[in-house]
Amino acid sequence: MRVASIGVRTATALLALIAIVVQLVDLARRGVLNPVNYVSYFTIQSNLIGASALMAGASMALRHRTNARLERLRGASVVYLTTTFVVFALLLSGTDVDTAIPWVDTVLHKIVPIVVAADWIIDPPATHISIVRSLQWLIYPLIWLAYTVLRGRATGWYPYPFLNPANGGMARVTSTIAAIVAFGAILCAIVAASGRPRGTHRPAPSS
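Residues numbered from 1 in each chain as written. Predicted model: local features only at pLDDT ≥ 70, side-chain atom pairs only at ≥ 80, totals over all residues. Heavy atoms only, no water.

### Digging into the overall build of the chain
Here's step 1: The helix and strand tally for the chain stands at 8 helices and 2 strands.
Here's step 2: Along the chain, from the amino end to the carboxyl end, the secondary structure elements read α-α-α-β-α-α-α-α-α-β.
Here's step 3: For the chain, whose C-alpha radius of gyration is 18 Å, the value lies close to the compact-globule estimate of 17 Å for 207 residues.
Here's step 4: Counting only C-alpha atoms, the chain reaches 55 × 40 × 25 Å along its principal axes.
Here's step 5: Per-residue burial over the chain gives 46% buried out of 207 residues.
Here's step 6: Of the contacts made within the chain by residues no fewer than 6 positions apart, 79% connect residues no fewer than 24 positions apart.
Here's step 7: Approximately 10300 Å² of the chain is accessible, and the part contributed by carbon and sulfur atoms is 69%.
Here's step 8: Computing the positive centroid from 17 side-chain charges and the negative centroid from 7, the chain places the two 11 Å apart. (Helix = DSSP H or I, 4+ residues; strand = E, 2+ residues; numbered from the N terminus. Rg over C-alpha atoms; globule rule 2.2 N^0.38 Å. Buried < 20%, exposed > 50% of the residue type's maximum accessible area, 1.4 Å probe, protein only. Contact = heavy atoms within 4.5 Å. Areas by Shrake-Rupley, 256 points an atom, 1.4 Å probe, with all protein chains shown as cover. Lys, Arg positive; Asp, Glu negative; His and termini not counted. Charge placed at Lys NZ, Arg CZ, Asp CG, Glu CD.)

### A closer look at the layout of surface pockets
Here's step 1: Each pocket or cavity is described by its volume, and for the largest pocket that value is around 440 Å³.
Here's step 2: Every residue lining the largest pocket is counted, 22 residues in all, and those nearest its centre are Met1, Ser5, Arg9, Ala61 and Asp123.
Here's step 3: Going through the elements one at a time, helix H1 (2-29), helix H3 (42-63), helix H4 (68-92) and helix H5 (102-122) are the ones with two or more residues in the lining of the largest pocket.
Here's step 4: With 5 residues, H1 is the single largest residue contributor to the lining of the largest pocket.
Here's step 5: Each residue belonging to the lining of the largest pocket can be placed in one class, and the counts come to 10 nonpolar, 4 polar and 8 charged. (1 Å grid on protein atoms, 1.4 Å probe; cavity = no way out; pocket = protein on both sides within 12 Å on 5 of 7 lines; lining within 4 Å. Points joined across faces, edges and corners; volume = space filled by probe spheres on them. Nonpolar A, V, L, I, M, F, W, Y, C, P; charged D, E, K, R; others polar.)

### Some details on unusual backbone geometry
Here's step 1: Within the chain, Asp98 stands out as a residue other than glycine whose phi angle is a positive 60°.
Here's step 2: Residue placement: Asp98 occurs in the loop between H4 and H5.
Here's step 3: A relative accessible area of 18% means that Asp98 is categorised as buried.

### Brief notes about the packing of aromatic side chains
Here's step 1: Across all of its chains, the model carries 8 aromatic pairs by this definition.
Here's step 2: Seen from their ring centres, Tyr41 and Trp157 are 5.5 Å apart, and the 85° between their planes marks the pair as edge-to-face. Residue Tyr41 is located in the loop between helix H2 (35-40) and H3, and its partner Trp157 is located in the loop between helix H7 (139-155) and helix H8 (170-193); the two are separated by 116 residues in the primary sequence.
Here's step 3: For Tyr41, a relative accessible area of 4% gives the class buried.
Here's step 4: Trp157 gets classed as partly exposed once you look at its relative accessible area, which sits at 22%.
Here's step 5: Look at Tyr160 and Phe162: their rings are 5.7 Å apart centre to centre, the planes differ by 5°, and that puts the pair in the stacked class.
Here's step 6: We classify Tyr160 as buried; its relative accessible area is 4%.
Here's step 7: Every member of this aromatic cluster is reached through a ring pair, and the members are Tyr41, Phe42, Tyr80, Tyr140, Trp144, Trp157, Tyr160 and Phe162. (Phe/Tyr/Trp six-rings, centres within 6.5 Å; stacked < 30°, edge-to-face > 60°.)

### Details of H5
An α-helical turn contains 3.6 residues, so any two residues separated by three or four positions project in the same direction.
Here's step 1: For H5, which comprises 21 residues, the first-to-last C-alpha distance of 28 Å matches the rise-based estimate of 30 Å (1.5 Å per residue) to within 8%.
Here's step 2: The largest bend along H5 reaches roughly 35° and is located at Leu108.
Here's step 3: Of all the residues in H5, the buried ones are Val104, Asp105, Val107, Leu108, His109, Val112, Pro113, Val115, Val116, Ala117, Asp119 and Trp120.
Here's step 4: On the buried face of H5, the contacting elements are H1, H3, H4 and H8. (Expected span 1.5 Å × (residues − 1). Bend = angle between axes of the 7 residues up to and from the residue.)

### Focus: the packing of H1 against H5
Here's step 1: Running from N to C, H1 and H5 point in directions that differ by 155°, and their axes come no closer than 10 Å. Classified by the interaxial angle, the pair formed by H1 and H5 is roughly antiparallel. In this structure, the crossing between H1 and H5 has a hand that is left-handed. Within the contact between the two elements, H1 uses Ser5, Val8, Arg9, Thr12, Leu15, Ala16, Ile18, Ala19, Ile20, Val22 and Gln23 and H5 uses Trp103, Val104, Val107, Leu108, Val112, Val115 and Asp119.
Here's step 2: Per-class residue counts for the contact of H1 with H5 are 13 nonpolar, 3 polar and 2 charged. (Axes fitted to C-alpha atoms, helices over the stretch in contact; angles between N-to-C directions. Parallel < 35°, antiparallel > 145°, perpendicular 65-115°, else oblique. Left-handed = near helix turned anticlockwise from the far one by under 90°.)

Taken by themselves, the reported measurements are silent on function.
The structure is reproduced here in structure tokens:
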């Protein structure tokens, strides 16, 4: 089980990184790559975080040790990638978000989010994560949102149509953001609550 877990985590992390690089190279080859825009997509950033979390999980399993900070990284990746999965399915299906290669789109919007969530459920953290602490996972997405909105006003480019005031006005953008943040907060609580309770037998965490 441990060997399989390490293998799946490592393979999925590498698949995510390969997909990101392949899509980047394809955009460059076609002469339509804007590197800053590309790395500004939440999909790209959340998959990079997910790949890091999967490699962290593989490392902990390999060393038979757990680490509270890395476990929190795993939890954050579940929140970010589940949000990516849900938002893409509900708001962005069929939209051009610079993942035109079909298998890349499938990997980044479906496979990696599913594997990361399944990994958390199958092997939840030994360290307790409180719901209050889990809400800290929202800090990064809120910073990303602020950056995206401010940069969009300056450049006229938005990674996703629902963040562009030209599509229904600022009131619609604000309400959509509020709904996504509320969903994220609920998701944080669910992910935190799904961790193993205190006292579950597992190697003691390192700091």
